[in-house]
Structure formats: structure tokens, C-alpha cells
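Report on the structure
Spelled out from the first residue to the last, the chains are:
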Amino acid sequence: MRLLVSVWVVVLAPALVLCLPTVRDTKVAVPEAEKLEQDKRGQANAPRRYLPEDQSGRDPSFLVFKHALTAAAASGDRAALARMIAPSVQTIEDPLTPTTLLDSARVQEGTPWTSLLEALSWGTSFNPAHESFTAPYFADADIEGGEYIVTGHGVRLRDAPLTGRVIRKLSFEVVRVLSPAVLPGFAADKQWAQVRTDLAESGYIFGAFLKSPADERFVFQRIDGVWKLSAYGYGD
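Since the model is a prediction, treat every value here as computed from it, not as a measurement. (Residues numbered from 1 in each chain as written. Predicted model: local features only at pLDDT ≥ 70, side-chain atom pairs only at ≥ 80, totals over all residues. Heavy atoms only, no water.)

Quick look at the sheet that holds strand β12 (residues 226-233)
- Spatial strand order, β1-β12-β11-β3-β2: 5 strands in an open sheet with mixed pairing. This sheet does not close on itself; its edge strands, each paired only once, are β1 (85-90) and β2 (125-127). Here the strands of the sheet are splayed against their neighbours by 30 degrees on average, with no regard to which way each runs.
- Of the strand pairs in this sheet, β2 and strand β3 (residues 132-135) are connected by 3 bridges, and their pairing is antiparallel. (Pairing = 2+ DSSP bridges. Helix = DSSP H or I, 4+ residues; strand = E, 2+ residues; numbered from the N terminus. Axes fitted to C-alpha atoms, helices over the stretch in contact; angles between N-to-C directions.)

Let's talk about the pattern of salt bridges
- If you walk through the whole model with that rule in mind, you get 11 salt bridges.
- Note that Glu147 is salt-bridged to Arg176, the shortest N-O span being 3.7 Å. Linking Glu147 in strand β4 (residues 147-150) with Arg176 in strand β7 (residues 174-181), this pair joins segments that are 29 residues apart in sequence.
- For Arg168, the salt bridge identified is with Glu173, shortest N-O distance 2.9 Å.
- Given a relative accessible area of 0%, Glu173 falls into the buried group.
- One salt-bridge network, in which partners are shared between bridges, spans Arg48, Glu144, Glu147, Arg176 and Asp198. (Salt bridge = Lys/Arg side-chain N within 4 Å of Asp/Glu carboxyl O. Buried < 20%, exposed > 50% of the residue type's maximum accessible area, 1.4 Å probe, protein only.)

Brief notes about the confidence of the model for the protein chain
- Of the residues in the protein chain, 73% have a pLDDT of 70 or more, and the chain-wide mean is 80.
- Segment residues 1-30: pLDDT under 50, and 0 contacts once partners within four positions in sequence are set aside and those in other chains are kept.
- pLDDT under 50 marks residues 34-42. Its contacts with residues more than four places away, or in other chains, come to 0 contacts. (pLDDT = per-residue confidence, 0-100. Contact = heavy atoms within 4.5 Å.)

Quick word on helix α5 (residues 114-121)
- Every buried residue of α5 is accounted for by Ser115, Leu116, Ala119 and Leu120. One face of α5 carries all of its buried residues, which in axial projection span an arc of 135 degrees.
- Lining the buried residues of α5 we find α2 (60-75), α3 (78-83), β3, β11 (217-223) and β12.
- Phi turns positive one or two residues past the end of α5, at Gly123, with a value near 95 degrees. (Arc of directions from axis to C-beta.)

Take a look at the structure:
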């Protein structure tokens, strides 16, 4: 009888050992699958962001043009600017001549050509289909009407304008504007807006941080081999 027990132990022991890796592998695989599922859920719940990006360096000749254009706009060199603008600038309405564009009240507000300088400062996006650059970089952002990009790092989302409790700090996230928060005695560019985030948070953000693809935008293309400001637009 003792001999039979020994034989059964010898025969069955290897089989039991072979089964152990299968059990061990099953226990490891379950947490890994759960981790992948959690990662997917986390990505689905993450807020949309349009981080600053400047693709001007994709063409060294355009980068040289951009630097020259920025310098001319900053110094108010009208003659230099006129040479960098196409003879006929495409707009959402009628084409503009360089003179008409430079005299535009929308383009020349505050210091000379402030909106052009601001658009260039945000960087450009490159369109390979048209071999063109557009400033600012978020002009091609794929967001819906009524949505804006919070252009800044750590912008405070408050539960009330000015001094409300900070709900969270946002960095280049997409938000939907629910309504303006008109504060008596504050200029139009110093107002706040009530917004909702992708995480369903509602609060207030200082309006100067909110930018939209519908804001003023400038398109640059080669004309007869030379870079020019070829199109200008604003609105949807």
C-alpha cells in the first residue's frame, strides 16, 4: 500500500507543477486588462486641449519672412508691411489691397497692427494641402461654435468673478461659454465669462484668456515664389 501511494505521488506531481504557471498567468492577466480599461476610460474623460505650437520652422524661408513681418509690424513700418502683403488679399467679403488692409480699423487698433502681432506671437499652423501657414495656431482648431480655448497656463476657474473660490486651474483647455458676466465699471476687455468645461464644471474665467478660431486670422502663401500675407478673416 505504501508503494502504491509513492507511485501516485511520482506520477501526479509533475502534472500539478505544470498547472501552476497557468494559474499564475491568469491572476496576472486580469489586473493588466483592468488597467488598460482604466486607461481608456481616463482618456475618454480627459478635457480637450490645444497646446501652443509654432510650425513656422517647417519652412526656413517662411520663418525668415515671419521674423521680418513681426519686426515691421512692431515698428510700424508701413512701407515694409505693404511689400509683404499680396496685391489682392482674400477676405470673407471683397478682396482688400495692402493699403485698405493696413488702414482697417480691426487690424490697426491700439498700437499699430496689434492683432497681427498677437496672431503671430501665438505661432502658426501649416496646411500641407495649400502649402500655407495660418496665424494664430488655433485658427484651425476643430471645436464647435460657442466653444473657446483657454489660452494660458494655470488660468483660474472661479465660482464667481474676480475673487470667487478657485474651482480648478485650466491650461489651454476647451470650454463652452454659457454667458458673459457683465461687471459694472469694467471695460469690455476686462470682463469675465461663465463657462462649462469638458469635465462638466461650471464657473467663471477672465474673458481675455478666451480665444476662438473665429477670431482674427491671417494666412500666408508664396506668390511668385515670395511669401506674402494672402488672406485675412474673422468670424465663422
